[in-house]
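Architecture at a glance
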Amino acid sequence: MGMRGIRGAVTVEADTREEIVSSTKWLLEEMVSHNEINPEDIGSIIITTTEDLCATFPAQAARLLEGEAWQYVPLMCAREIPVPGGLPLCIRVMMHVNTDKTAKDIHHVFLREAVKLRPDLTNRG
């Protein structure tokens, strides 16, 4: 079994704890669902936020997901590089997963305005 990276991103409406946690939780659920991932197979998750999001740590969302395995997934939050003109109010995820899937078979997940980040990956079958 090899390791693959799965990308995901979502935007929020406002810098509030509720928006950040609920949107991150939704994104993680979608990433796991679309890729048929068992949380036991997740090696780690890196979550970044744009500099306009600071109300809470988005990693808290993973601890709200169903299943004991989520309690043991290593999580790291970081600040996204503040590139001028970059997508605001955005949470990005890089999930490292042990899987036999090929890179082509991985489904990256972009929600709300984040679809603008990688439109080439967003509408794949």
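Here, every reference points to the structure presented above.
The present account deals with the structure reproduced in this document. Counting starts from 1 at the beginning of each chain's written sequence and moves along it residue by residue. In keeping with the predicted nature of the model, local features appear solely for residues at pLDDT of at least 70, side-chain atom pairs appear and are counted solely at 80 or more, and the whole-chain, interface and lining totals rest on all residues. Where side-chain values are given, they derive from all heavy atoms of the structure, hydrogens and water being excluded.

Some words on the sheet that holds strand β1 (residues 2-11)
Using the following cut-off: Two strands are counted as paired when DSSP detects at least two bridges linking them. By the criteria applied, helices consist of DSSP H or I runs no shorter than four residues and strands consist of E runs no shorter than two, each listed in order from the N terminus. Angles shown run from 0 to 180 degrees and are taken between the N-to-C directions of axes, each axis being a line fitted to C-alpha atoms and, for helices, limited to the stretch in contact.
Pairing is mixed across the open sheet formed by five strands, whose spatial order is β3-β2-β4-β1-β5. Only two strands of the sheet have a single partner each, and these edge strands are β3 (75-79) and β5 (109-111). Between one strand axis and the next, the sheet turns by 15° as a mean value, whatever way the strands run. Alignment of β1 against strand β4 (residues 90-99), held across 10 bridges, turns out to be antiparallel. When the bridges of β4 are listed, Arg-4 appears paired with Val-97.

Topic: the layout of surface pockets
Where we set the bar: Put simply, the grid is 1 Å and covers the protein atoms alone, a cavity is a trapped set of points that fit a 1.4 Å probe, a pocket is an open set with protein on both sides within 12 Å along at least five of seven lines, and lining residues have an atom within 4 Å of a point. Grid points are joined across faces, edges and corners, and a volume is the space filled by probe spheres set on the points. Under the convention adopted here, Pro, Cys and the residues Ala, Val, Leu, Ile, Met, Phe, Trp and Tyr are nonpolar, Asp, Glu, Lys and Arg are charged, and Gly plus all remaining residues are polar.
The space that makes up the largest pocket amounts to roughly 230 Å³. For the largest pocket, the full set of lining residues is Thr-50, Glu-51, Asp-52, Glu-80, Ile-81, Pro-82, Val-83, Gly-86, Leu-87, Pro-88 and Arg-92. For the lining of the largest pocket, the per-class residue count stands at five nonpolar, two polar and four charged.

Considerations on the environment of Pro-119
Our working definition: Residue burial is assigned from relative accessible area. The probe radius is 1.4 Å, only protein chains are included, and a residue is buried under 20% of its type maximum, exposed over 50%, and partly exposed in between.
When you line up the elements, Pro-119 lands in helix α2 (residues 119-122). Owing to a relative accessible area of 51%, Pro-119 belongs among the exposed residues under this scheme. Placed 34 residues apart in sequence, Pro-119 and Gly-85 show a C-alpha to C-alpha distance of 17 Å.

Considering the side chain of Ser-23
As a reminder of what qualifies: For this analysis, a polar contact is any N or O atom pair within 3.5 Å, provided that within protein one partner can donate a hydrogen and the other can accept it, and provided that sequence-adjacent residues contribute only side-chain to side-chain pairs.
Of note, Ser-23 is situated in helix α1 (residues 17-34). Within the structure, the side chain of Ser-23 is placed 2.9 Å from the backbone oxygen of Glu-19, a separation counted as a polar contact.

Remarks on the pattern of salt bridges
Heads up, the condition is: The term salt bridge refers to a side-chain nitrogen of Lys or Arg lying within 4 Å of a carboxyl oxygen of Asp or Glu.
Considering all chains together, one arrives at four salt bridges under this definition. A salt bridge links Arg-92 to Glu-80, with the nearest nitrogen and oxygen atoms 3.9 Å apart. Residue Arg-92 is located in strand β4, and its partner Glu-80 is located in the loop between β3 and β4; the two are separated by 12 residues in the primary sequence. Classification of Glu-80 by relative accessible area gives partly exposed; the value is 22%. Asp-120 is the partner of Arg-118 in a salt bridge, and the nearest nitrogen-oxygen pair spans 2.7 Å.

Function-wise, these values are silent; they only describe arrangement.
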